[in-house]
Every structure is written in structure tokens, then in C-alpha cells.
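A look at the structure
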Amino acid sequence: MTRYARRFFSALGLSAMLATGAAQADDGGKISIVDDRGVIVDDRGVAVEVPALPKRIASISYFADDVALALGIKPVASTYMTSGREPDFLLGLTSGMKQIGQRAKPNLELLSEAKPDLIIAIRRYTVGNAAQLQNIAPYVAYNMELLEESYSETAALSKLLGKPARGEQLNADFRKHLSEFAAKAPKGHPRFLIMWGGATPFAFHTENTSASIVAAIGGDNIPGPRSPGGEFGIDLSLETMLEKDPEVIFVYDSGPDRPHESNPIWSQLSAVKNNRVFYVGDQWVETNGPIAREIVLREAAHYLYPDTFPAVDVKAEAAKLIPAELQN
């Protein structure tokens, strides 16, 4: 039990907290299972009681889909990134879940119709609707932004779903694979950038999960680390991008609208000139789950060092982590 959780329970009493279903912790911190009966302190600093071995999982973001599928559990409902596009890194299995809207604007009526017994949500898009979500089912919110959070989030959700050992193994496997890929990577330190497209692209600091993975295998992220307490990304003008001149650019593929390509500066970038701009899938956006991060690691290694690492079949890699009985 963490220091702040001990103070919280001492001050309020566990029985009072369980009577309300969710209570505010007295300071923030990392996600922590604080009780074997299923009480969790999430990234809001809120303690939430969840049912024993929940079976009807609703995912606001792909993170809970990712973890649950890796554990052999199929969620009943999911948001999407782009309407009509089922992510390859989840083998398109989200098509068999109730669709409850885009992750930034989940439809609470559709969510209620799915009758979930646990809602796992991305924090920044759902804190404003916390009370309504909690009225539907126990609601747990994760940041889903940083690589270190990926480990704690995966472990916490795996424990909530009754498979803590599998969650710890998924974390240990990824740490091992990350180390192995880093050891094998050439020492060139190619400059890279991960961005949302737009007239002024939004780029990601090195602590962001996908950027952390690319940096761990030798890439040099041109936005650099975030400032203490700062955001995980930054608006980056094309002029600044040209000044830093990334050799490899990863663009989150959100559809055919690509206004950054219309800017004449875009064609002057080394990555563009050398055909090293890669429009990447949803796993690069929702990277904190065990399936996504393994695939991003392999894709990043190939895109940075194509002579050293092979091209990646996303569905084949996903199939190695999702139990066969869920694929049929």
C-alpha cells in the first residue's frame, strides 16, 4: 500500500469509502492497487471500488481493449479513433464490440446500453463526465501518455481482471525485448519526429510512450524532453521542423486530410526528400497496452534501421499476443 493511500484510509476509513464507491485521495500519484478486494487509486487520485473479476469491460480508448485481449478477455464496448476503421493491431476484433463513439466524445447513452461492469477510460477526455460515467459502472481513468505509465497501467488492469501474473509477464517480456532491440540497433542516432498532421503539427516529447520506444532504440527525438510538469506534446511549426530537420517522421494517420503536405516547407525536409515519412496506425497513438507497444517497437526498429530489422506484419505480431480462441 502506498504512503498516500495509507493516509487516505486512515483519515476516512475504508468502510466509508466503499459505501460511496469512489472517493477523493488526498494527493496524486501513480496508479496503485490498494486493496485485494478490488479498490484502486487511479490517475485522478480517486479510489474506486470495482467488482471482483469484472467480465463486461467498456474501453474509452483502445488501451483496455489491448490489455483485455492480451489476457484472453473480449470487452463488450469500445470507442474508436477513426470511424469505420478497426485497428489491425487488435486484429479488427473491435468490430464485434458495441461502438460507443470517438474516444474524445464517447456516447454515454450507448455506453449505458452495453451494461458494462467496469469502464476503463483515458483520463483527459473523460474527467468532465466522471459523475455520469460512475453512475453507469465503476469508472477508472488512466493517463495513457508515458512509457512508465504503461507498465503500471498494464499491471493494475491485469490485476483488476484477475490475471496479475500475466500482466507482470507482459511487462517483463516488453522490457526484455526493448533491451534486445536497443542492443542490436546501429549507433547512428537518426533524428526523428512523431506528430499529428495539421497546418501546425503537434509533436510529442520523448517521455510520450511511442517516442520513448523510438528513443530507447537509438533515435534522437527533435522536440526533446518535456519541461517539468509540462505537457507531453508541443505545437511545432514547419519552420522549426525544417531547422531541426528530422531524418525520419512518423505521422499519426487520421485520414486523407493532410494540410501539412501543402506547405512548401514540407518538401524541403530530409525525411520527405528521402521517402522516410511513415503514416502509422492506431497503435502509435494508443501505445500503452502490451500489444501496441510490442508492435511499435518492431515497426520503429524497421523504419529507423531497415537494413537491420525486417518489415513488420502488424496482424501477425498481434496474433502472437491475442489468444487463438478470441481470434475465431
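Conventions used here
Residues numbered from 1 in each chain as written. Predicted model: local features only at pLDDT ≥ 70, side-chain atom pairs only at ≥ 80, totals over all residues. Heavy atoms only, no water. Phe/Tyr/Trp six-rings, centres within 6.5 Å; stacked < 30°, edge-to-face > 60°. Helix = DSSP H or I, 4+ residues; strand = E, 2+ residues; numbered from the N terminus. Buried < 20%, exposed > 50% of the residue type's maximum accessible area, 1.4 Å probe, protein only. Lys NZ or Arg CZ within 6 Å of the ring centre and 35° of its normal. Axes fitted to C-alpha atoms, helices over the stretch in contact; angles between N-to-C directions. Parallel < 35°, antiparallel > 145°, perpendicular 65-115°, else oblique. Contact = heavy atoms within 4.5 Å. Nonpolar A, V, L, I, M, F, W, Y, C, P; charged D, E, K, R; others polar. Expected span 1.5 Å × (residues − 1). Salt bridge = Lys/Arg side-chain N within 4 Å of Asp/Glu carboxyl O. Core = buried A, V, L, I, M, F, W, Y, C linked by side-chain atoms within 4.5 Å. Pairing = 2+ DSSP bridges. Right-handed = clockwise from strand over helix to strand, strands pointing away. Lys, Arg positive; Asp, Glu negative; His and termini not counted. Polar contact = N/O pair within 3.5 Å; in protein donor to acceptor, adjacent residues only side chain to side chain. pLDDT = per-residue confidence, 0-100.

**Notes on the packing of aromatic side chains**
- Enumeration over the complete set of coordinates arrives at 15 aromatic pairs.
- Arranged with centres 6.4 Å apart and planes meeting at 65 degrees, the rings of F192 and F250 form a pair that is edge-to-face. With F192 in strand β10 (residues 191-196) and F250 in strand β14 (residues 248-252), the pair connects residues that are 58 residues apart, well separated along the chain. Neither F192 nor F250 differs from the other in exposure class; each is buried.
- Here F250 and Y303 contribute two aromatic rings whose centre-to-centre distance is 6.0 Å and whose plane-to-plane angle is 50 degrees, an arrangement assigned as tilted. Of this pair, F250 sits in strand β14 while Y303 sits in helix α12 (residues 290-304), placing them 53 residues apart in sequence.
- Accessibility expressed as a relative area gives 0% for F250, which makes it buried.
- Chaining the aromatic ring pairs together yields one cluster made of F192, F250, F278, W284 and Y303.
- Seen from the ring of Y125, R124 lies directly overhead, with NZ or CZ sitting 5.2 Å from the centre.
- The cationic tip of R258 hangs over the ring face of Y279; the distance from NZ or CZ to the ring centre is 3.6 Å.

**Considerations on the packing of helix α8 (residues 164-184) against α12**
- Where α8 meets α12, the closest approach of the two axes is 10 Å, and the angle between their N-to-C directions is 5 degrees. As judged from the angle between their axes, α8 and α12 are roughly parallel. Each of L170, N171, D173, F174, H177, L178 and F181 in α8 lies in contact with α12, whose residues at this interface are P290, R293, E294, L297, R298 and A301.
- Here the contact of α8 with α12 is composed, by residue class, of seven nonpolar, two polar and four charged.

**A short note on α12**
- The terminal C-alpha atoms of α12, which comprises 15 residues, lie 21 Å apart, in line with the 21 Å expected from a rise of 1.5 Å per residue.
- Of all 15 residues in α12, 14 are buried, a share of seventy percent or more.

**Quick word on the pattern of salt bridges**
- The full count for this structure, using the stated rule, is twelve salt bridges.
- Here D253 and R258 are joined by a salt bridge, their closest N and O atoms 3.5 Å apart.
- Judged by relative accessible area, D253 falls into the partly exposed class, the value being 24%.
- Residues joined in a network through salt bridges with shared partners are E294, R298, E317 and K320.

**Here we look at the nonpolar core**
- Grouped together as the largest cluster of nonpolar side chains are 80 residues, with contacts concentrated most on Y142, F250 and I291.
- Looking at this core, the element that brings in the most residues is α12, giving eight residues.
- Listed in part, the 13 residues of the second largest apolar core include M195, I249, V251 and L269.

**Some thoughts on the sheet that holds strand β6 (residues 77-80)**
- The strand order β7-β6-β5-β8-β9 describes an open sheet built from five strands, whose pairing is parallel. Both outer strands of the open sheet, β7 (98-102) and β9 (139-142), are each paired with one neighbouring strand and no more. Across the sheet, the mean angle separating the axes of adjacent strands is 20 degrees when strand polarity is ignored.
- Two strands pair when backbone bridges link them, and β6 and β7 are joined in this way by three bridges, in the parallel orientation. Residue A77 lies in a different strand from β7, and its bridge partner there is K98.
- Along the sheet, helix α3 (residues 63-70) makes contact with β5 (57-60), β6, β8 (118-122) and β9, crossing β5 at roughly 140 degrees.

**Focus: the pairing of β6**
- In the sheet, β5 pairs with β6 via two bridges, with the strands oriented parallel. Within β6, the position partnered with S59 by the bridge is S78.
- Between β5 and its parallel partner β6, the chain crosses via α3, and the hand of that crossover is right-handed.

**Brief notes about the side chain of E299**
- As for its placement among the helices and strands, E299 is situated in helix α12.
- No salt bridge is formed by the buried E299; its nearest oppositely charged neighbour, R298, is found at 9.9 Å.
- Reaching out from E299, the side chain makes a polar contact with the side chain of Q283 at a distance of 2.9 Å.
- Not counting chain neighbours up to four residues away, the residues in contact with E299 comprise Q283, W284, V312 and V314.

**Concerning the confidence of the model for the chain**
- Averaged over every residue, the pLDDT of the chain is 89; residues scoring 70 or more account for 88%.
- Segment residues 1-31 is flagged for pLDDT under 50; beyond a separation of four residues in sequence, or across chains, it makes 63 contacts in the model.

**Some words on the pairing of β5**
- Judged by which residues are buried, β5 turns out to be covered on both faces: I57 and S59 on one side and A58 and I60 on the other are all buried.
- When β5 meets β8, the two strands line up parallel, connected through four bridges. Of the residues in β8, the one forming a bridge with A58 is I119.

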